Amino acid sequence: MEVLNEFLKTKGIYSLVMILFFLGIYGMVLAKNYMKKLMAMNVMQVAVIYFYLCFAQKDGGMIPVLDGITNNPNAYINPLPHGLMLTAIVVSLGTTGVALALLMRIKEIYGSVEEVEVLRRASK
Amino acid sequence: MMQHAPLFIVLLPVSAALLCMFFSRLQKNLGSWLVIASIVAAFMSAVTVLQQVIADGGKPIHYWMGNWQPPIGIEFVIDPISGILAVLITFISLLGALYSLPFVKDEGWLHVGGYYTLYGLMTVGMCGMVITGDVFNLYVFLEVMSLSGYGLIALGGKKSMLAAFRYLLIGTIGASLYLLGVGYMYALTGTLNMADMAVRAAEFLNYPLFALAVACFVIGFGIKMALFPLHGWQPDAYNYAHPGSAAFIAGCMSKVPAYAMIRFLFYMFGVDTPVVRAALDVLGILGVAGILLGSVMALAQYDFRRMLAYSSVAQIGYIAIGLAMGNMYGFIGAVLHIINHAFMKSALFFVIGGIQYRFGEVNIYRLGGMNKKMAISSLTVTFAALSMIGIPPTGGFFSKWYLLLGAYTGAEYFYIGVLVVSSLLNAIYFFRILEQMFIQREASLTEVHPHKGKLGLPVAMALPIAVTGIGIVALGFYSVDIVTDIIKLGLPEVLLK
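Treat the numbers as computed from the prediction; the structure is a model and nothing was measured.

Draft legend 1. Spotlight on the overall build of chain A. In terms of helices and strands, chain A carries four helices and zero strands. Shown N-terminal to C-terminal, the secondary structure of chain A runs as helices and strands in the order α-α-α-α. The C-alpha radius of gyration computed for chain A amounts to 20 Å, which surpasses the reference 14 Å derived for 124 residues by more than 25%, pointing to a less compact arrangement than a globule. Across its three principal directions, the C-alpha atoms of chain A cover 70 × 40 × 15 Å. Taking as baseline every contact in chain A between residues at least 6 positions apart, the subset at least 24 positions apart corresponds to 51%.

So, in structure tokens, the structure goes:
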């Protein structure tokens, strides 16, 4: 029990994030539908974002806004990973947008977004 | 003005690319010329910066964005090697931009503007990736490069959509793994600046987390540079990419992540670290497998572009084994091969794009009598083929020579055997093309875009073909200068010991 508690306290959240990450890759590999592949890709990207937010977290830390009273940096959580992840969210939005546009064109050309169907028609 | 030259390498093309759509709306060709002019300016800034670095004896130039000092601010670092790669990228990009003009001539303003916007952004992404000194900034430029790359690949026609979509899925895994690796390194060291991270990482070099981060970097960049088992996206992507941009995509897009990997493994972490040493061994094995399988697969293709794509897998293998040797000559060979291969592959894609433009043909068994119809292109193919095989005085010989020297000094004789075998395989599949072009009787081809005159192609296309053809030979003649004046100045410190 002690061991389990220790594990959950120190590594628990990271294990969950990693499971989420690889679930995303698993979905991308195994899904038979391109739309589902795209959704799995988003899951994977969100896992990376979670990972950054997790290690920015600090016990008892408050939001990183300088209020003039607490000038001790240890009292704040680390704002930099959050800033980085804003960029990463924008990037993932862009990627999803491009992917959706491509999927629309694939649907127009092949009449389907099912992998088997598209590959069958593409090889003709 | 001059001290801002490093910034202009990315600032001018990004502004021009973003304004391109607007100007294209006003007048169809205005946007494209704006982008081309900005790439010329970027090329000139890159040359100026490189000259400055060489004049300083290889001391890197640091440019601080908004004068925010590192490690807090983002900086651009130009050392001799990133300088020469920036020059290379902007040069190939310039040739490709000129070369694309005839392809988009008959299209509407939306197509022309969109094409050049993406093209400009891809140049920005690549240049940014080589000159940035900040690991997260590198991620942003990587995504700028990739996203515009997906767009350019998708512009190639009906079949290219699928290729672009699959590349997008696989490429995003690569980028996410890189981001994850950056997260690990940030959690360990608390900094994002490359130089600062290199100093602070020194005490963590035997942590398991560090090994995980290195694995993430190697796999992430491996996907982006199409290292052997991760190259699944590449043949389709090169095959169906827009013929105007295929040369730039094939020539530079896989080399830039390779250089990013060099930066991490050689400049930041150092090859004497056990973890990095292990990563390099893996790179070596994958490189050898890629060289052999890529060459064999290239033999089996009858589509010129697809053959070149598989040959790229093999050439990336050369770069990988050059790095895997982990000594000075191997490193020089790898960097020199990045430069040479960018020229060779661009030249070959320029030529096949030209044949595709004029005759609509890409099958290598239907190129008979091409030497009479397109003399310059045939000559360029000859130079590029000789360089691919590694016959002096072309550039390819010298990069292979340094790789052999590296394998010899590192006493890794297995690599020598692999290099010899793969050169023979290269000879088989390139002489097949030369035989078709020069010896076989003329194939009956219908001209899609008829062209009379000596050049055989519009000037905007013939010029890049001729320049890359001459460039391949010139790189051979000046390879000694490139190595002693530029690459040796920028060698990572670990290799000098």
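Draft legend 2. Highlighting the interface of chain B and chain A. On the side of chain A, 26 residues touch chain B, which itself brings 22 residues to the contact. Considering every element that reaches the side of chain B that touches chain A, the biggest residue donor is helix H6 (residues 160-189) of chain B, with 13 residues.

Draft legend 3. Examining the packing of helix H11 (residues 255-269) of chain B against helix H14 (residues 328-359) of chain B more closely. Residues and elements named next belong to chain B. Running from N to C, H11 and H14 cross one another at 165°; their axes reach a closest spacing of 11 Å. Judged by the inter-axis angle, H11 sits roughly antiparallel to H14. Along this stretch, H11 crosses H14, giving a crossing that reads as left-handed. When H11 is examined against H14, the residues Lys-255, Ala-258, Tyr-259 and Phe-266 are found in contact with a partner set consisting of Phe-331, Ile-338 and Ala-342. Across the contact of H11 with H14, the residue classes tally to six nonpolar, no polar and one charged.

Draft legend 4. Expanded view of the environment of Glu115(A). Residues and elements named next belong to chain A. Within the secondary structure, Glu-115 is located in helix H4 (residues 115-123). Under the C-beta neighbour-count criterion, Glu-115 is labelled partly exposed, with 16 such atoms within 10 Å. Linking Glu-115 and Lys-32, residues 83 residues apart in sequence, is a C-alpha distance of 5.5 Å. Ignoring sequence-local partners within four residues, the contact set of Glu-115 consists of Lys-32, Asn-33 and Tyr-34.

Draft legend 5. Spatial organisation of the pairing of strand S2 (residues 75-78) of chain B. All names here are of chain B. A two-sided burial pattern is seen for S2, the buried positions comprising Glu-75 and Val-77 on one face and Phe-76 and Ile-78 on the other. In terms of strand pairing, strand S1 (residues 61-64) meets S2 through four bridges, oriented antiparallel. Paired with His-62 across the bridge in S2 is Val-77.

Cut-off values and rules
- Residues numbered from 1 in each chain as written.
- Chains lettered and ligands numbered in written order.
- Predicted model: local features only at pLDDT ≥ 70, side-chain atom pairs only at ≥ 80, totals over all residues.
- Helix = DSSP H or I, 4+ residues; strand = E, 2+ residues; numbered from the N terminus.
- Rg over C-alpha atoms; globule rule 2.2 N^0.38 Å.
- Contact = placed C-beta atoms within 7 Å.
- Axes fitted to C-alpha atoms, helices over the stretch in contact; angles between N-to-C directions.
- Parallel < 35°, antiparallel > 145°, perpendicular 65-115°, else oblique.
- Left-handed = near helix turned anticlockwise from the far one by under 90°.
- Nonpolar A, V, L, I, M, F, W, Y, C, P; charged D, E, K, R; others polar.
- Buried ≥ 20, exposed ≤ 12 C-beta atoms within 10 Å, placed from the backbone.
- Pairing = 2+ DSSP bridges.

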